Amino acid sequence: MNINFKELANKYQTPYYVYDFDYITKQYQELKSAFRARKSLISYAVKANSNLSVVKHLGDQGAGADCVSIGEVKRALKVGIAKYKIIFSGVGKTDDEIRQALEFDILMINVESEAELKRVDLMAKELDAKARISIRVNPNVDPKTHPYISTGLHENKFGVDLDTAKRMYIFAKQSDNLDPIGIHCHIGSQLTELEPIKESINIVAELVRNLSSALKIELSFFDVGGGLGIVYDDETLIDTNEYAQVILEALFGIDITVVCEPGRFIVGNSGTFVTKVLYEKVNGAKRFVIVDGAMNDLIRPSLYDAYHKIEVLEKTKTKSSCNVVGPVCESGDFFAKNIELPITEHNDLVAIYSAGAYGFTMASNYNTRGKVAEIALEDGKDRLIRRRETFEDLIAHEEDLLKN
Ligand SMILES: *Cc1c(COP(=O)(O)O)cnc(C)c1O
């Protein structure tokens, strides 16, 4: 990736996110081809980066969409992703969301509790529909990742245990309004070890065999979730072919389509957040580099203590320890602590790498800061894919409600 960040800064101002669409294609193709021995659907996890142009780019390659709100489902439909490639997951779907998902006739609703299954049954009945569902199993396996992005342990709120899943499949089979077609598990994000994935896939595959032999429930979709990690620092990654192999082996002899829902793997390293230096200052012994981007633009360091590689562009010499911080009025507003950077000057550009996933999508307007511009790079050409928000955008939902 060879991006002229300075030229983009001149053209679009800072801060901005830039995404390399060719890299996104490459990541998608790599995973898709790892599963070539089977029918497979790569359903991109929209929450990682839900910009319409990003979702469309993946849809154009053939990707489906894994959505965790009806808003994300609408984004996927809006850019032309076929309804039979859209999955709706999440622990807390509202009645309204369930109803809309049924009306959109998407591939399946991923159910995460017995109570929710009953709501889906009822909603489908009211609409005189048959709801295609999958059930999210929580295999109680430790994915060995950050606790905030771990989802596959019983102590996490996600999915149901094996016995509950079995009861739910029986209930679904007996209902006129439910069609159990899939099974799902997703044990966490930024996974860098294959063993926990293997363990959980085997547990779920065993359940698939069980459902078939004991209950004559034949599923069509085996959804292995997402979670593949990426390099932020010096992580050793899971090999995608080995990953696919583990899944294909677990499913030996079962006629089922594999669904995989990667988010971070596809877009994480496509993106860079670019911000510029406002000031430097020293408080006691501590050096601070204050930039125009902040935690409201990229919250991962503040929220997860996540590491992002940071570089001052066009400067290499004389490094010393500093904290890189934004203007937001929180001590938690930092991009990095105690890293070595050259001494900077006003307007120097700072690149924060690996920001394509859970960057812009987690942005907020805290401190009445407009969300930044998003830029795509494709075939060596840049284009704006989201305008920088203006002050007028920020007050639009309040202004006309002011009492005079
Ligand atoms: C967040 C999420 C994903 C994507 O996770 P990544 O770590 O970004 O690959 C996939 N499936 C479900 C159900 C999710 O909630």
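Here the residue numbering is sequential within each chain, running from 1 through the sequence in written order. This being a predicted model, a pLDDT of at least 70 is required before a residue's local features are given, and a value of 80 or more before pairs of side-chain atoms are given or counted; all residues contribute to the totals for chains, interfaces and linings. Side-chain numbers come from the whole structure's heavy atoms, not from hydrogens or water.

Here's the deal with the sheet that holds strand β2 (residues 40-45)
(1) Moving on: Within the closed barrel, the eight strands sit side by side as β2-β3-β4-β5-β6-β7-β8-β9. Their pairing is parallel. In this sheet, adjacent strand axes meet at a mean angle of 30° when their direction is disregarded.
(2) Moving on: A pair of strands is treated as paired once DSSP finds two or more bridges between them. A helix here means a DSSP run of H or I that spans at least four residues, while a strand means a run of E at least two residues long, and both kinds are numbered starting from the N terminus. For strand β3 (residues 64-67) and strand β4 (residues 86-88), the ladder comprises three bridges, and the chain directions are parallel. Bridge pairing links Ala 65 to Ile 86 in β4. With axes taken as lines fitted to C-alpha atoms, and helix axes fitted only over the stretch in contact, angles between N-to-C directions fall between 0 and 180 degrees.

Here we look at the domain arrangement of the chain
Often, the extent of an interface is quoted as the loss of accessible area on bringing the components together.
(1) Moving on: Where each domain begins and ends is defined by an automated method or by a domain database. Split by domain assignment, the chain resolves into domain 1 (5-16 + 269-395) and domain 2 (35-262).
(2) Moving on: For domain 1 and domain 2, the distance between their C-alpha centroids amounts to 33 Å.
(3) Moving on: Tallying the contact residues gives 18 residues for domain 1 and 16 residues for domain 2.
(4) Moving on: Accessible area, probed at 1.4 Å, shrinks when two parts are joined; the buried area is that loss added up over both. For the pair domain 1 and domain 2, the summed buried area comes to about 1,400 Å², and 51% of that belongs to carbon and sulfur atoms.
(5) Moving on: Interface area lost by domain 1 to domain 2 is led by Tyr 304, Tyr 307 and Tyr 358, which between them contribute 35%.
(6) Moving on: Definition used for salt bridges: Asp or Glu carboxyl oxygen within 4 Å of a side-chain nitrogen of Lys or Arg. The interface formed by domain 1 and domain 2 contains zero salt bridges.
(7) Moving on: Side-chain atoms alone can form a polar contact between residues adjacent in sequence; in general such a contact is a pair of N or O atoms within 3.5 Å, and within protein one must be able to donate a hydrogen while the other accepts it. Across the domain 1-domain 2 interface, the total number found is seven residue pairs in polar contact (both at pLDDT 80 or more).
(8) Moving on: Listed by contribution, the elements that provide at least two residues to the side of domain 1 that touches domain 2 are α11 (300-304), β16 (373-378) and β17 (381-386).
(9) Moving on: Each residue receives one of three labels: charged for Asp, Glu, Lys and Arg, nonpolar for Ala, Val, Leu, Ile, Met, Phe, Trp, Tyr, Cys and Pro, and polar for the others, Gly being one of them. Across the side of domain 1 that touches domain 2, the residue classes tally to six nonpolar, six polar and six charged. A contact between two residues is defined here by any heavy atoms of the two lying within 4.5 Å.

So, the side chain of Gln 100
(1) Moving on: Here Gln 100 is to be found in helix α5 (residues 95-104).
(2) Moving on: Judged by relative accessible area, which is 18%, Gln 100 ranks as buried.
(3) Moving on: A polar contact of 3.1 Å, which involves the side chain of Gln 100, links it to the side chain of Lys 74.
(4) Moving on: Dropping the residues within four chain positions of it, Gln 100 is found in contact with Ile 70 and Lys 74. Residue exposure (1.4 Å probe, protein chains only): buried if accessible area is under 20% of the type maximum, exposed if over 50%, otherwise partly exposed.

Here we look at empty space enclosed by the protein
(1) Moving on: Residues are said to line a cavity or pocket when one of their atoms sits within 4 Å of a point; the points come from a 1 Å grid over protein atoms alone, cavities being sets where a 1.4 Å probe fits but cannot get out and pockets being open sets with protein on both sides within 12 Å along at least five of seven lines. Grid points are joined across faces, edges and corners, and a volume is the space filled by probe spheres set on the points. If you walk through the whole model with that rule in mind, you get one cavity of 30 Å³ or more.
(2) Moving on: Each pocket or cavity is described by its volume, and for the largest cavity that value is around 60 Å³.

Observations concerning a negative patch on the surface
(1) Moving on: A patch is a set of surface residues, each over 30% in relative accessible area and not in a salt bridge, joined within 9 Å for like charges and within 5 Å for the nonpolar side chains Val, Leu, Ile, Met, Phe, Trp and Tyr. Here, Shrake-Rupley sampling with a 1.4 Å probe gives the accessible areas, and only protein chains in the shown set may cover a residue. When charges are counted, neither His nor the chain ends are considered; positive counts come from Lys and Arg and negative counts from Asp and Glu. Each charge is placed at NZ for Lys, CZ for Arg, CG for Asp and CD for Glu. On the surface, Asp 142, Glu 155, Glu 193, Glu 195 and Glu 199 cluster together into a negatively charged patch.
(2) Moving on: The topology assignment puts Glu 193 in the loop between β7 (178-184) and α8 (194-215).
(3) Moving on: By relative accessible area, which is 35% here, Glu 193 ends up partly exposed.

Some points on the packing of aromatic side chains
(1) Moving on: By convention, a stacked pair of Phe, Tyr or Trp rings (six-membered ring in the case of Trp) has centres within 6.5 Å and planes under 30 degrees apart, an edge-to-face pair has planes over 60 apart, and any other such pair is tilted. Going through the model one piece at a time under the given rule, you end up with six aromatic pairs.
(2) Moving on: On the basis of an interplanar angle of 65° and a centroid distance of 6.4 Å, the ring pair of Phe 5 and Tyr 353 is categorised as edge-to-face. Within this pair, whereas Phe 5 is found in helix α1 (residues 5-12), its partner Tyr 353 is found in the loop between β15 (349-352) and β16, the two being separated by 348 residues in sequence.
(3) Moving on: Where Phe 35 meets Tyr 243, the ring centres are 6.1 Å apart and the plane angle is 75°; that geometry is what we call edge-to-face. Of this pair, Phe 35 sits in the loop between α2 (21-34) and β2 while Tyr 243 sits in helix α9 (residues 240-250); the two residues are 208 residues apart in sequence, bridging distant segments of the chain.
(4) Moving on: Overall, the relative accessible area of 0% leaves Phe 35 in the buried class.
(5) Moving on: One aromatic cluster is present, built from ring pairs that chain together Tyr 17, Tyr 19, Phe 273, Phe 335 and Phe 360.
(6) Moving on: In this scheme, the term charge over a ring applies when either NZ of a lysine or CZ of an arginine sits within 6 Å of the ring centre and within 35 degrees of the ring normal. The ring of Phe 88 has Lys 93 sitting right over it, with the charged end atom 5.6 Å from the ring centre.
(7) Moving on: One Lys or Arg, Lys 118, reaches over the ring of Phe 171 and ends 5.6 Å from the middle of that ring.

Some points on the site of the ligand
(1) Moving on: Near the ligand lie 14 residues; those nearest to it are Lys 47, Ser 189, Gly 227, Glu 261 and Tyr 358.
(2) Moving on: Separating a nitrogen atom of the ligand from a side-chain N or O atom of Asp 66 is a distance of 3.3 Å.
(3) Moving on: Whether a molecule lies in a cavity or pocket depends on its atoms, and more than half of them have to be within 2 Å of the grid points. When each cavity is represented as a set of grid points, the ligand is found to reside in the largest pocket.
(4) Moving on: Broken down by class, the residue content of the shell around the ligand amounts to three nonpolar, six polar and five charged. Note on definitions. A residue lies near a molecule or strand when any single heavy atom of the residue is within 4 Å of it.

What about the packing of helix α7 (residues 162-174) against α8?
(1) Moving on: Between α7 and α8, the shortest axis-to-axis distance is 11 Å and the interhelical angle comes to 40°. Overall, the two elements α7 and α8 adopt an arrangement that is oblique. Regarding α7 and α8, the two cross each other, and that crossing is right-handed. Residue-level inspection shows Leu 162, Ala 165, Lys 166, Tyr 169, Ile 170 and Lys 173 of α7 in contact with α8, the latter providing Ile 203, Leu 207, Leu 211 and Leu 215.
(2) Moving on: Among the residues forming the contact of α7 with α8, the class breakdown is eight nonpolar, no polar and two charged. Each angle gets one of four labels, with under 35 degrees taken as roughly parallel, over 145 as roughly antiparallel, 65 to 115 as roughly perpendicular, and the rest as oblique. For a crossing to be left-handed, the near helix must be turned anticlockwise from the far one by less than a right angle; the clockwise case is right-handed.

Concerning the pairing of strand β11 (residues 286-291)
(1) Moving on: Where burial is concerned, most of β11 is hidden: five out of the six residues are buried.
(2) Moving on: In the sheet, strand β10 (residues 271-283) pairs with β11 via six bridges, with the strands oriented antiparallel. For Val 282, the partnering residue across the bridge sits in β11 and is Arg 287.
(3) Moving on: Between β10 and the antiparallel strand that follows it, β11, lie two residues; Gly 284 among them carries a positive phi value of about 65°.
(4) Moving on: Relative to strand β13 (residues 319-325), β11 runs parallel, the two being bridged by three bridges. Within β13, the residue paired with Val 289 across the bridge is Val 324.

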